[in-house]
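# Analysis of the macromolecular model
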Amino acid sequence: MRLEVEITGKTFKSAAGGTHEVLAPVRFTLQSGEVGVLIGPSGCGKSTLLRIILGLDHEFQGRIIRPPEARIGMVFQEPRLLPWRSVEQNVRLAAPDVTDKKLAELFRILELEAHRSHFPGELSLGLARRVALARAFAVEPDLLVLDEPLASLDDALAGRLRDEIATLVARRPVMTLLVTHSLDDAVRLGDRLFFLSPRPAHILAEVPIGIPREARDDAAIAAIKAGLARQAQGEQGAERSGRDVS
Ligand SMILES: Nc1ncnc2c1ncn2[C@@H]1O[C@H](COP(=O)(O)OP(=O)(O)OP(=O)(O)O)[C@@H](O)[C@H]1O
Ligand SMILES: [Mg+2]
């Protein structure tokens with residue numbers, strides 16, 4: 001399975017009647033088993049890009065090739081649970097084939113056991129985000145799209161969930177696209193990092209992470225981050241000297 005993203009542009013109409021360019025050309029592919037990470041400034045167009053990839057927004061230039069039979073799991077930036085359904089019903093509605101055993105395992109991992117019969121209005125944002133993660137995982141997706149799934153969780157829980165995402169990705173050949181503002185999460189989970197420009201977003205740099213995920217211990221993570229910082233400094237230096245001569 002393979003995802004091909006070939007966007008040539010995306011604009012929104014503003015309320016005042018003007019147009020608002022959100023995406024410049026963005027092209028990349030993602031293979032089964034690969035985790036792509038999108039990193040970019042707030043408002044650059046990441047969530048817009050994900051909505052296009054998921055087929056929720058058709059008003060763009062270019063094309064997206066998704067395997068037609070791909071099962072999709074997604075966690076939106078806002079958890080978007082059905083307010084009149086319990087936590088368990090929210091997950092079961094999205095994943096009707098999920099077994100009791102699998103559901104119990106997911107609720108245990110995501111520390112949701114005590115909240116099964118609660119309604120979304122009774123949950124904190126962090127809990128609601130975990131339910132959204134349970135729902136996405138329960139689907140056993142081929143394409144997993146995560147828009148800042150670990151935001152608003154404490155460090156310890158975010159770390160455990162990050163490990164769970166890594167386990168899920170290792171267990172099944174899922175194509176994963178993750179948006180995060182955390183370089184640490186990006187480096188721990190990603191196979192390829194896409195650094196995006198401010199709006200209209202385009203890919204400034206595509207950085208493969210050569211070390212297998214399971215071999216990335218704290219020392220390896222620190223070394224990769226230091227390498228990225230050096231690379232960014234080098235690019236800024238080149239930009240400055242470019243400006244100096246112009
Ligand atoms: N439905 C819409 N109509 C008009 N403009 C929109 C719409 N949705 C998003 N935008 C604009 O498109 C731009 C990109 O928004 P988007 O939500 O994709 O950013 P983002 O990179 O996900 O930001 P963040 O990191 O804050 O989540 C913003 O300027 C936003 O105001
Ligand atoms: Mg967003």
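Everything below is about the structure shown above.
Described below are features of the structure shown in this document. (Residues numbered from 1 in each chain as written. Chains lettered and ligands numbered in written order. Predicted model: local features only at pLDDT ≥ 70, side-chain atom pairs only at ≥ 80, totals over all residues. Heavy atoms only, no water.)

Turning our eyes to something else, we now look at empty space enclosed by the protein. Within this structure, the stated rule accounts for one cavity of 30 Å³ or more. Considering only enclosed or pocket space, the largest cavity measures out at about 90 Å³ in volume. If you trace the largest cavity, you find it lined by Lys102, Glu105, Leu106, Ile109, Phe137, Glu164, Thr167, Leu168 and Arg171. Secondary structure elements with two or more residues in the lining of the largest cavity: helix 3 (100–109) and helix 5 (155–171). Counted by class, the lining of the largest cavity contains four nonpolar, one polar and four charged residues. (1 Å grid on protein atoms, 1.4 Å probe; cavity = no way out; pocket = protein on both sides within 12 Å on 5 of 7 lines; lining within 4 Å. Points joined across faces, edges and corners; volume = space filled by probe spheres on them. Helix = DSSP H or I, 4+ residues; strand = E, 2+ residues; numbered from the N terminus. Nonpolar A, V, L, I, M, F, W, Y, C, P; charged D, E, K, R; others polar.)

As a further point, take the coordination of the magnesium ion (ligand 2). The coordination sphere of the magnesium ion (ligand 2), as far as protein atoms go, consists of Ser47 (OG) and Gln77 (OE1), spread over 2.0 to 2.2 Å. On the criterion of sequence distance, the pair formed by Ser47 in helix 1 (residues 46–53) and Gln77 in the loop between strand 6 (72–75) and helix 2 (87–94) is long-range, its members being 30 residues apart. By relative accessible area, Gln77 is classed as partly exposed at 32%. (Donors = N, O, S within 2.8 Å, 3.2 Å for Na, K, Ca; no water. Buried < 20%, exposed > 50% of the residue type's maximum accessible area, 1.4 Å probe, protein only.)

Okay, the sheet that holds strand 9 (residues 192–196) next. Taking strand neighbours across the sheet as the criterion, the six strands line up as 6-7-8-4-9-10 in an open arrangement whose pairing is mixed. The outermost strands of the open sheet, each flanked by one partner alone, are strand 6 and strand 10 (203–208). Along the sheet, successive strands turn relative to each other by an average axial angle of 15°, direction set aside. (Pairing = 2+ DSSP bridges. Axes fitted to C-alpha atoms, helices over the stretch in contact; angles between N-to-C directions.)

Surveying the vicinity of ligand 1 reveals 15 residues, the closest of which are Ser42, Gly43, Lys46, Thr48 and Gln77. A distance of 2.5 Å is found between an oxygen atom of ligand 1 and a side-chain nitrogen or oxygen belonging to Ser42. Measuring from an oxygen atom of ligand 1, one finds a backbone N or O atom of Gly45 at 3.0 Å. The protein chains hide 63% of the 640 Å² of surface that ligand 1 would expose on its own. When residues of the shell around ligand 1 are traced back to their parent elements, those giving at least two are strand 2 (19–23) and helix 1. Sort the elements by how many residues they give to the shell around ligand 1 and helix 1 lands first, with three residues. (Near = heavy atom within 4 Å. Polar contact = N/O pair within 3.5 Å; in protein donor to acceptor, adjacent residues only side chain to side chain. Areas by Shrake-Rupley, 256 points an atom, 1.4 Å probe, with all protein chains shown as cover.)

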